[in-house]
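So the chains spell out like this:
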Amino acid sequence: MKKYIPKDIESAIAQQWEAEETYKAPQTPEKDKSYTLVMFPYPSGAGLHTGHARVYTGTDVLARYHRMKGKSVLHPMGWDAFGLPAENAAIKLKKNPLDIVPQNIANFKQQMQRLGLSYDWSKEFSTTDPSYYQWTQWLFIQFFKMGLLHKKETPIFYCPSCKTGLALEEVLADGTHERCGNKVEERTLPQWIFRITKYADELLADLDGLDWPSGILQMQRNWIGKKEGMVIHHKVEGMEYVLDTFTAFPAWSFADTFIVIAPEHPLVDSLIENGKGTSEVVNYVAEIRAIPADERAASKEKTGVFTGLYAVDPFRPNEKLPIWIANFALMSFGTGAIRCSAHDPRDVAFATKYSIPLREVVERETETPVNAHEGKGILVDSGPFTGKEVSSVVEDFVAWVSKEKIGEKSTTYHLRDWVFSRQRYWGEPIPMVFCQSCADEKISYWAVAKETEKIYPNSPKIAQKVSGFVAEIEESLCGWFPLSDENLPLKLPYVDSYEPTETGQSPLSQIPDFVNTTCPHCAKPAVRETDTMPNWAGSCWYFLYFSRGVDFAIETKPSLQAWNSLIKPSAMAWNPVDWYIGGAEHAVLHLLYSRFWMKMLNDSGLVDFKEPFTRLRSVGIVLASDNRKMSKSLGNVINPNDVIDEFGADTLRVYEMFMAPFGQEVAWSTAAMQGAYRFISRVWQMYYSSAKFAKSAEIRSKTLDAELQSVISSIDTDITNVKFNTCISALMKFLNLWEESDSEVLSMKGAQDFLKLLAPFAPYMTDHIWRNVFGNNTSIHIAPWPQKDDSLTVEKQVTIAIQVQGKVRGTVSMPSSKLSQDIVIAEALKLEGVNRYIDGKEYKVIYVPGRVVNFVL
């Protein structure tokens with residue numbers, strides 16, 4: 001019998017797939033579509049490890065399954081190759097990223113091809129290809145023209161190690177950079193900013209229609225962080241200054257006895273600049289501002305300093321509220337100023353520490369004051385609301401505050417506008433030019449567009465979103481002009497020195513040939529923007545580019561006409577993505593940014609859908625066998641190529657899918673993987689054994705073919721529920737039954753159907769057997785998926801124990817379809833051994849469906 005040797009078959013089968021274009025997607029879906037996509041990978045120099053193989057294989061199983069189910073499948077692969085990891089690696093190797101990234105891509109690609117992933121490689125591209133990033137630059141320009149981008153000096157997080165500004169989403173809760181793990185600090189730098197906050201409500205509301213893991217949906221909701229409340233106005237005693245505080249619990253306001261403000265609050269600057277800040281205030285502010293805001297907020301120790309200022313309490317005009325600076329007050333929450341009371345444990349701890357008087361307005365029932373977050377209790381000493389249940393007066397309280405001109409209703413968000421500039425070399429050059437002459441004359445792009453009647457055709461939705469910013473846009477962006485379409489792409493220059501500068505400027509600022517240019521408006525000398533885009537830019541819309549038609553030429557210049565004729569039609573046919581698979585670590589960054597871009601594109605008419613990913617599934621991390629994360633520095637990385645060399649790609653794939661539920665973290669086990677190899681080898685032997693399946697299509701096996709129908713049904717359900725491990729388990733159980741059957745052989749159709757069920761998991765071996773054992777001329781991966789045949793199903797008999805007073809007095813066997821309580825009891829009462837004990841006696845019946853009946857006397 002022919003022995004299973006993976007290396008003897010895998011290369012030849014792969015060549016047949018390529019020659020036959022087995023996985024090439026149609027230009028547009030010809031029938032029901034399945035756009036199946038794994039998150040855009042970053043091609044590192046280290047290559048793939050077996051943790052990567054898990055997510056790519058799982059996505060591939062879905063793509064193969066839907067292809068066999070008769071759907072038009074788009075399953076592409078490309079490379080998210082811009083950004084800090086590649087640049088930092090290049091600096092370490094003393095090579096230009098333009099040289100090392102293509103090598104990394106080549107290594108990743110050969111590893112993926114060995115895994116047998118069914119990608120349409122004709123769709124392949126990298127974010128570093130000028131033919132792609134010219135479109136990213138063009139989209140940047142469209143968003144600029146819409147008023148959704150602006151540039152200004154702004155406080156940002158800055159990573160001293162990577163020497164670049166960061167968005168809030170890139171800073172972890174402990175105040176470190178999510179890429180390099182080093183502490184960040186706060187600086188003020190000129191930055192390009194996306195107005196993502198204008199889409200906060202839509203980003204929040206549209207989560208309800210997505211088939212995503214509940215945990216990731218909640219993370220997005222928390223990050224957007226919408227809070228309904230009120231802004232309360234206070235006159236600061238001795239100053240011409242109105243201090244606004246935000247409260248999410250307005251009905252408790254009569255309890256407040258002090259105010260805390262963030263160290264960055266404008267009132268603090270005003271105090272210090274006017275020389276009214278004590279040395280204690282000045283020193284405290286300097287010390288606390290050096291600590292990232294998120295780290296301060298997470299600190300268990302609450303610290304502060306009294307400003308010496310008081311605010312008049314609008315709820316009790318005869319009382320004053322001392323104003324403190326506190327480490328837990330953040331400018332990112334509300335107004336950066338908070339009224340504090342006895343009804344918040346954090347406020348109580350702070351007040352106790354600094355001996356600040358407290359007042360309660362809901363009578364306590366325990367040793368501690370009632371927490372306002374509980375939202376219940378009878379109000380006391382609360383003006384016109386005294387004696388009322390706090391939960392019932394919220395709307396009336398808000399209306400009263402507005403009527404009394406104490407404050408007004410307000411909504412705040414944790415989400416902040418997106419810092420889009422990076423002071424690094426390895427990224428898409430921002431296609432903007434600054435002209436000092438135009439700036440001196442207060443000339444902006446929008447002023448010129450109005451004069452020439454070439455205003456970008458904003459949709460009513462976008463016009464409404466930016467209507468309040470027109471004056472700000474024209475004033476703050478005087479002198480800034482986008483490149484024209486024909487001047488795209490603005491290519492990244494190849495240079496010897498690309499290390500980040502110590503001044504906080506991009507390395508591109510040191511390249512005169514890149515910097516110096518002419519103004520697109522007045523043709524006078526001007527300078528280019530030297531910041532680059534973040535690595536998120538290319539991945540915000542890459543799924544649209546994957547779906548481009550075959551008639552799309554990479555040399556096509558970007559324009560509105562080209563977009564509408566070459567990208568939009570095919571993108572609309574394939575998108576949104578039906579199955580999106582990746583790691584949960586992208587729950588906020590990539591997923592939030594992609595959703596934001598699609599909403600902008602939808603509002604502008606460039607796409608016809610709002611959400612990019614209909615269905616999302618997450619994969620669990622594969623730890624090394626030492627239960628630590630795989631790392632080159634730890635020496636515990638497992639290279640898929642090494643596993644494939646020894647056991648074959650099918651073994652690796654089957655083990656990766658069987659090792660644990662797909663979303664669960666799991667440690668690698670070479671011993672368990674060898675079990676997958678034995679399973680594959682046993683399947684091989686069954687098909688090369690002449691006695692294990694019928695050679696005539698007329699021969700059927702009553703038991704085996706009937707059991708196979710149950711396997712078909714369960715795998716149909718489990719694949720779409722991403723329960724790959726239970727699919728493999730069902731196949732293994734059936735193989736055991738098949739091997740142990742001496743009196744029957746599986747029908748030819750049954751043998752073919754079993755092979756098809758295994759095909760998405762073990763594509764090489766199954767295609768080899770399909771062609772060489774069954775004599776087919778086309779791939780098993782385009783053969784129709786097995787359909788359950790109910791005529792072959794044999795109803796199972798279920799044996800039920802019949803008890804009297806807990807002792808077994810007999811059994812009855814019933815078809816599985818007739819297990820209702822009435823039928824089972826009727827059969828039980830026919831048993832002589834039962835009637836002997838219950839005849840003429842009163843009893844009640846306890847029935848455990850399908851298992852036991854107990855007559856209790």
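Residues numbered from 1 in each chain as written. Predicted model: local features only at pLDDT ≥ 70, side-chain atom pairs only at ≥ 80, totals over all residues. Heavy atoms only, no water.

Enquirer: So what's going on with the overall build of the protein chain? Which residues, and what values?
Expert: Of the regular secondary structure elements, the protein chain holds 30 helices and 25 strands. Projecting the C-alpha coordinates of the protein chain onto the three principal axes gives extents of approximately 100 × 85 × 55 Å. Across the protein chain, contacts joining residues at least 24 apart in sequence account for 75% of those joining residues at least 6 apart. Accessible surface, the protein chain as shown: approximately 36400 Å² in total, 50% of it carbon and sulfur. Counting 91 positive and 104 negative side-chain charges, the protein chain places the centres of these two groups 4 Å from one another. (Helix = DSSP H or I, 4+ residues; strand = E, 2+ residues; numbered from the N terminus. Contact = heavy atoms within 4.5 Å. Areas by Shrake-Rupley, 256 points an atom, 1.4 Å probe, with all protein chains shown as cover. Lys, Arg positive; Asp, Glu negative; His and termini not counted. Charge placed at Lys NZ, Arg CZ, Asp CG, Glu CD.)

Enquirer: I'd like a rundown of the side chain of Asp-80, residues and numbers included.
Expert: Mapped onto the elements of the fold, Asp-80 is located in the loop between β2 (72-74) and α3 (84-93). Residue classification places Asp-80 among the buried positions, given a relative accessible area of 10%. The residues contacting Asp-80, other than those within four sequence positions of it, are Phe-40, Pro-41, Tyr-42, Pro-43, Thr-127, Asn-535 and Ser-539. (Buried < 20%, exposed > 50% of the residue type's maximum accessible area, 1.4 Å probe, protein only.)

Enquirer: Account for empty space enclosed by the protein, naming residues and giving values.
Expert: Tallied over the entire structure, the rule returns two cavities of 30 Å³ or more. Counted as a void, the largest cavity has a volume near 80 Å³. Forming the boundary of the largest cavity are Gly-83, Leu-84, Glu-87, Glu-170, Arg-422, Arg-424, Trp-426, Gly-427, Thr-532, Met-533, Pro-534 and Asn-535. Each residue belonging to the lining of the largest cavity can be placed in one class, and the counts come to four nonpolar, four polar and four charged. Counted as a void, the second largest cavity has a volume near 40 Å³. Together, Arg-700, Asp-705, Leu-708, Gln-709, Ser-747, Lys-749, Gly-750, Asp-753, Asp-789 and Leu-792 line the second largest cavity. Among the elements of the structure, α25 (702-720) and α27 (748-758) are those that each provide at least two residues to the lining of the second largest cavity. Here the residues of the lining of the second largest cavity sort into two nonpolar, three polar and five charged. (1 Å grid on protein atoms, 1.4 Å probe; cavity = no way out; pocket = protein on both sides within 12 Å on 5 of 7 lines; lining within 4 Å. Points joined across faces, edges and corners; volume = space filled by probe spheres on them. Nonpolar A, V, L, I, M, F, W, Y, C, P; charged D, E, K, R; others polar.)

Enquirer: Describe in detail the sheet that holds strand β6 (residues 227-235), supporting the description with residues and values.
Expert: Each strand in a sheet pairs with its neighbour through backbone hydrogen bonds, running either in the same direction (parallel) or in the opposite one (antiparallel). The strand order β7-β6-β12 describes an open sheet built from three strands, whose pairing is antiparallel. The open sheet has two edge strands, β7 (242-247) and β12 (407-412), and neither has a second partner. Averaged over neighbouring strand pairs, the angle between their axes works out to 35° when direction is ignored. One ladder, built from six bridges, connects β6 with β7; its direction is antiparallel. Note on β7: the bridge partner recorded for His-234 is Leu-243. (Pairing = 2+ DSSP bridges. Axes fitted to C-alpha atoms, helices over the stretch in contact; angles between N-to-C directions.)

Enquirer: Before we move on, can you summarise the side chain of Gln-134 with the specific residues and values?
Expert: Among the structural elements, Gln-134 can be located in helix α5 (residues 130-145). Residue classification places Gln-134 among the buried positions, given a relative accessible area of 3%. Residues contacting Gln-134, with those up to four places away along its chain left out, are Leu-488, Pro-489, Ile-554, Thr-556, Lys-557 and Pro-558.

Enquirer: So what's going on with the packing of aromatic side chains? Residues and values would help.
Expert: Each pair of aromatic rings is reported with the distance of its centres and the angle of its planes. Counted according to the given criterion, the structure contains 79 aromatic pairs. Ring centres 5.7 Å apart and planes at 25° place the aromatic pair Trp-138 and Trp-563 in the stacked group. Taken together, the positions of Trp-138 in helix α5 and Trp-563 in helix α20 (residues 560-574) put the pair 425 residues apart, joining distant regions of the chain. For the pair shown, Trp-138 and Trp-563 are each scored as buried. Above the face of the Trp-579 ring, Arg-615 is positioned so that its terminal group lies 4.3 Å from the ring centre. Taking the ring centre of Tyr-837 as reference, the NZ or CZ of Arg-809 above it sits at 4.1 Å. (Phe/Tyr/Trp six-rings, centres within 6.5 Å; stacked < 30°, edge-to-face > 60°. Lys NZ or Arg CZ within 6 Å of the ring centre and 35° of its normal.)

Enquirer: So, the pairing of strand β19 (residues 616-619): which residues are in play, and what are the values?
Expert: By the bridge criterion, four bridges tie strand β18 (residues 579-583) to β19 in an arrangement that is parallel. Residue Tyr-580 lies in a different strand from β19, and its bridge partner there is Leu-616. The parallel pair β18 and β19, bridged by helix α21 (residues 589-603), forms a crossover whose chirality is right-handed. (Right-handed = clockwise from strand over helix to strand, strands pointing away.)

Enquirer: An account of the packing of helix α2 (residues 50-68) against helix α23 (residues 649-658) is requested, with residue identities and associated values reported.
Expert: Axis separation between α2 and α23 bottoms out at 9 Å; the angle between their running directions is 90°. Between α2 and α23, the interaxial angle falls into the category roughly perpendicular. Along the contact surface, α2 presents Thr-50, Ala-53, Arg-54, Thr-57, Gly-58, Asp-60, Val-61 and Arg-64, while α23 presents Leu-652, Arg-653, Glu-656 and Met-657. Each residue belonging to the contact of α2 with α23 can be placed in one class, and the counts come to four nonpolar, three polar and five charged. (Parallel < 35°, antiparallel > 145°, perpendicular 65-115°, else oblique.)

Enquirer: Any chance you could break down the environment of Gln-674 for me, citing the residues and the numbers?
Expert: Residue position: Gln-674 is located in helix α24 (residues 670-687). Note: C-alpha distance between Gln-674 and Arg-836 (162 residues apart in sequence) is 57 Å.

Enquirer: Summarise the packing of helix α1 (residues 6-20) against helix α28 (residues 763-772); cite the residues concerned and give the values.
Expert: To describe two helices that pack against each other, one gives the angle between their axes and the distance between the axes. As a packed pair, α1 and α28 sit with axes 9 Å apart at the nearest point and diverge in direction by 80°. In terms of orientation, α1 and α28 fall into the roughly perpendicular class. Where α1 approaches α28, its residues Ile-9, Glu-10, Ile-13, Ala-14, Gln-16, Trp-17 and Glu-20 are matched on the opposing element by Pro-763, Tyr-764, Met-765, Asp-767, His-768 and Arg-771. Taken together, the residues that form the contact of α1 with α28 break down as seven nonpolar, two polar and four charged.

Enquirer: Tell me about helix α26 (residues 724-740), and name the residues and values.
Expert: Between its first and last C-alpha atoms α26 spans 25 Å; for 17 residues at 1.5 Å apiece the expected length is 24 Å, and the two agree. Looking at the buried side of α26, the elements it contacts are α2, α23, α24, α25 and α27. (Expected span 1.5 Å × (residues − 1).)

Enquirer: Now, about unusual backbone geometry: what can you tell me, with residues and values included?
Expert: Keep in mind that most residues, glycine aside, have a negative phi and that most peptide bonds are trans. Following Leu-488, the chain continues to Pro-489 via a peptide bond in cis, the omega torsion being 0°. When you line up the elements, Pro-489 lands in the loop between β15 (480-482) and α17 (512-515). Looking along the chain, the bond that leaves Asn-575 and enters Pro-576 is cis, with omega of 0°. Mapped onto the elements, Pro-576 comes out in the loop between α20 and β18. Of note, Gln-805 is a non-glycine position whose phi angle comes to about 55°, a positive value. Along the chain, Gln-805 falls in the loop between β22 (797-804) and β23 (807-815).

Enquirer: Explain the state of the cysteines to me, using residue names and the numbers behind them.
Expert: Considering all chains together, one arrives at zero disulfides under this definition. Not part of a disulfide, Cys-159 finds its nearest cysteine sulfur in Cys-180, a span of 3.6 Å. Accessibility expressed as a relative area gives 0% for Cys-159, which makes it buried. (Disulfide = S-S within 2.5 Å.)

Enquirer: I'd like to hear about the sheet that holds strand β14 (residues 432-434), residue by residue, with values.
Expert: Taken in spatial order, the four strands of this open sheet run β15-β14-β17-β16, and their pairing is antiparallel. If you trace the sheet from one side to the other, it starts and ends with β15 and β16 (516-518), each paired once. Strand-to-strand twist in this sheet, taken as the mean axis angle between neighbours without regard to direction, amounts to 45°. Pairing of β14 with β15, which is carried by three bridges, proceeds in the antiparallel orientation. Note on β15: the bridge partner recorded for Phe-434 is Trp-480. Lying on the sheet, α5 is in contact with β14 and β15; it crosses β15 at an angle near 130°.

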